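The lines below spell out each chain.
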Amino acid sequence: MRTTRTATALTTAVALTALTLCGCSGSGGKGSEEQPERGGGGGKAAGTPRIKIAMITHSGEGDTFWDIVQSGAKAAAAKDNVEFLYSANKEGKEQAQLIEAAVDQKVQGIVVTLAKPEAVGAAVRKAVAAGIPVVTVNSGGQHSEALGALGHIGQDETVAGEGVGEELTRRGRKKALCVIHEQGNVSLEERCAGVRKAFKGSVENLNVEGTNMPATTSSIEAKLQAAKDIDAVVTLGAPFADATVQAKAGAGSKAEVDTFDLNAAVVKSLGSGAVGFAVDQQPYLQGYLAVDGIWLNRTNGNVLGGGKPVLTGPAIVTADDVPELEKYTARGTR
């Protein structure tokens with residue numbers, strides 16, 4: 001596993017933070033790593049008063065990435081004596097309504113994504129004004145501070161994209177297709193922009209209907225049939241890597257398939273060579289640290305990362321990393 005250039009120091013900081021959190025929970029290290037469902041807390045919840053934390057994301061239906069985020073959040077919630085509530089809507093207006101509903105429920109903390117900051121910004125400010133600690137995760141980190149959030153947990157999307165561009169160049173690729181599965185998602189656009197900035201070849205974006213996988217596969221296949229010189233396809237989410245592998249076969253293309261994010265299928269494809277490399281932003285850690293960070297703020301006045309972004313990635317993973325990753329993806333934590 002290789003961390004991309006500018007993220008290395010901050011990734012180390014995240015590791016140190018995680019170690020500190022494990023120490024506070026009463027266990028940690030290898031034992032808690034092997035038993036994530038207990039959240040590192042030995043199966044016993046914290047003795048602090050029970051609080052309610054809501055996570056509201058922009059997840060579309062069937063996106064397995066968010067299952068992993070929730071897995072981390074639930075582990076932290078079990079450790080911290082937290083009632084964890086999850087809801088999602090890929091449309092910005094509806095996501096904002098979910099945030100407002102959480103405020104009306106008088107939750108003690110909110111975790112939110114900022115994929116469409118213009119649509120959800122007012123609702124986030126309403127939560128902050130109500131005295132509810134807000135932590136942003138995964139997307140839109142550059143908007144987090146202005147909206148009054150305690151901090152942001154995730155990866156720098158531009159840096160991650162640049163890491164992919166550099167890796168494509170290292171592999172001798174000349175023309176890449178960057179597949180955007182949700183139009184208007186600022187983080188996905190930043191990833192493709194980062195690829196374009198660092199890649200020595202050319203990059204073309206392709207917008208697909210991410211919630212309709214057959215249509216997505218057909219769109220990618222048609223593009224690969226029409227542009228035989230495409231020698232790399234970059235997908236921005238794990239479920240779309242498998243769709244692209246299918247599209248590649250249908251088009252008779254020789255393009256390498258690479259992807260952001262992991263799931264069991266991607267790890268298997270890395271091992272077989274169907275996928276060249278993947279970018280791991282550690283979604284389990286995003287969910288875990290977000291819930292734990294709010295709990296620490298409510299019970300001890302802590303601010304994770306001192307209010308600065310806490311990076312959980314990116315790291316480039318390849319077939320060499322498969323033996324270690326398989327046991328984690330099998331249990332839904334990577």
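Residues numbered from 1 in each chain as written. Predicted model: local features only at pLDDT ≥ 70, side-chain atom pairs only at ≥ 80, totals over all residues. Heavy atoms only, no water.

A.B. asks: How should the overall build of the chain be read in this particular structure?
C.D. replies: Per the secondary structure count, the chain includes 12 helices and 13 strands. A separation threshold of at least 6 residues defines the contact pool for the chain, and within that pool the share at least 24 residues apart is 73%. (Helix = DSSP H or I, 4+ residues; strand = E, 2+ residues; numbered from the N terminus. Contact = heavy atoms within 4.5 Å.)

A.B. asks: Just checking my understanding: could you explain empty space enclosed by the protein for this structure?
C.D. replies: Vacant regions in the atomic arrangement are exposed by a probe of water-molecule size rolled over the atoms. On inspection of all chains with the given rule, the structure shows 2 cavities of 30 Å³ or more. Put simply, the largest cavity is a space of about 80 Å³. When contributions to the lining of the largest cavity are tallied by element, the ones reaching two or more residues are β6 (151-155) and α11 (283-300). Top contributing element to the lining of the largest cavity by residue count: β6, with 3 residues. Its residues assigned to classes, the lining of the largest cavity comprises 7 nonpolar, 4 polar and 1 charged. (1 Å grid on protein atoms, 1.4 Å probe; cavity = no way out; pocket = protein on both sides within 12 Å on 5 of 7 lines; lining within 4 Å. Points joined across faces, edges and corners; volume = space filled by probe spheres on them. Nonpolar A, V, L, I, M, F, W, Y, C, P; charged D, E, K, R; others polar.)

A.B. asks: It is not clear to me how the pairing of strand β2 (residues 51-57) should be interpreted in this structure. Could you clarify?
C.D. replies: In summary, the side chains of a regular strand alternate between the two faces of the sheet. In terms of residue burial, β2 counts as a mostly covered element, since 6 of its 7 residues are buried. Two strands pair when backbone bridges link them, and β2 and strand β3 (residues 82-88) are joined in this way by 7 bridges, in the parallel orientation. Across the sheet, the residue bridging to Ile53 is Phe84, located in β3. As a crossover connection, the stretch from β2 through helix α3 (residues 65-80) into β3 is right-handed. In the sheet, β2 pairs with strand β4 (residues 109-112) via 4 bridges, with the strands oriented parallel. Paired with Ala54 across the strands is Ile110, a residue of β4. (Buried < 20%, exposed > 50% of the residue type's maximum accessible area, 1.4 Å probe, protein only. Pairing = 2+ DSSP bridges. Right-handed = clockwise from strand over helix to strand, strands pointing away.)

On their own, these measurements won't tell you what the molecule is for.
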